[in-house]
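Chain and residue survey
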Amino acid sequence: KDLLNDLKEEFDDTSFKDTMMTLNWAKRYDVEHVLAGRWGYSEEYIGPKLKEIGKRIQSFVSKVIVFDPNLFDEREIHIIT
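Owing to the predicted nature of the structure, the values given are computational and were not obtained by experimental measurement.

**Some words on the packing of helix 2 (residues 16-28) against helix 4 (residues 43-58)**
Running from N to C, helix 2 and helix 4 point in directions that differ by 90 degrees, and their axes come no closer than 9 Å. Accordingly, the angle class assigned to the pair helix 2 and helix 4 is roughly perpendicular. Judged by residue contacts, Asp18, Thr19, Met21, Thr22, Leu23 and Trp25 of helix 2 engage Tyr45, Ile46, Lys49, Leu50, Ile53, Gly54 and Ile57 from helix 4. Partitioning the contact of helix 2 with helix 4 into residue classes produces eight nonpolar, three polar and two charged.

Below is the structure:
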């Protein structure tokens, strides 16, 4: 499963567009007026929504992510310590 499915399972009112906007903000760290133009929301909507969805994503921090090593070739596995 992916992050969006996990969010929808845990928080059924989570929208795809709001999640993508939050991930876009986390990656690029654009200011609210730039996000407003890009995503078509008002600046008043964006600030609280970023915090809300960001906290939802952060709530998964305690969950363990397990990858099946059989899905990857030896050359694709990198261990970071």
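**Looking at the pattern of salt bridges**
The tally for this structure, following the rule as stated, stands at six salt bridges. Across the pair aspartate 13 and arginine 56 runs a salt bridge, and its minimum N-O distance is 3.1 Å. Of this pair, aspartate 13 sits in the loop between helix 1 (3-10) and helix 2 while arginine 56 sits in helix 4, and the two are 43 residues apart along the sequence. Across the pair arginine 28 and aspartate 30 runs a salt bridge, and its minimum N-O distance is 3.3 Å.

**Quick word on the packing of aromatic side chains**
Tallied over the entire structure, the rule returns two aromatic pairs. Measuring from centroid to centroid gives 5.2 Å for tryptophan 25 and tyrosine 29, while their planes differ by 40 degrees, and the two rings are tilted. A centroid spacing of 4.3 Å and a plane angle of 40 degrees characterise the contact between tyrosine 41 and tyrosine 45, whose relative ring orientation is tilted. Residue class for tyrosine 41 comes out partly exposed when judged on its relative accessible area of 22%.

**Section: the environment of leucine 3**
By secondary structure assignment, the location of leucine 3 is in helix 1. The exposure class of leucine 3 is partly exposed, given its relative accessible area of 30%. For the pair leucine 3 and phenylalanine 60, spaced 57 residues apart in the sequence, the C-alpha separation amounts to 9.2 Å. Leave out the neighbours within four places in its chain, and leucine 3 touches Leu23, Ile57 and Phe60.

**Notes on the environment of asparagine 24**
In this structure, asparagine 24 sits in helix 2. The class for asparagine 24 is buried, based on a relative accessible area of 15%. Residues asparagine 24 and leucine 35, 11 residues apart in the sequence, show an inter-C-alpha distance of 8.7 Å. Contact partners of asparagine 24, with chain neighbours within four places excluded, come to Tyr29, Asp30, Leu35, Arg38 and Trp39. Here tryptophan 39 takes part through its side chain, which lies 3.1 Å from a polar atom of the side chain of asparagine 24.

Conventions used here
Residues numbered from 1 in each chain as written. Predicted model: local features only at pLDDT ≥ 70, side-chain atom pairs only at ≥ 80, totals over all residues. Heavy atoms only, no water. Axes fitted to C-alpha atoms, helices over the stretch in contact; angles between N-to-C directions. Helix = DSSP H or I, 4+ residues; strand = E, 2+ residues; numbered from the N terminus. Parallel < 35°, antiparallel > 145°, perpendicular 65-115°, else oblique. Contact = heavy atoms within 4.5 Å. Nonpolar A, V, L, I, M, F, W, Y, C, P; charged D, E, K, R; others polar. Salt bridge = Lys/Arg side-chain N within 4 Å of Asp/Glu carboxyl O. Phe/Tyr/Trp six-rings, centres within 6.5 Å; stacked < 30°, edge-to-face > 60°. Buried < 20%, exposed > 50% of the residue type's maximum accessible area, 1.4 Å probe, protein only. Polar contact = N/O pair within 3.5 Å; in protein donor to acceptor, adjacent residues only side chain to side chain.

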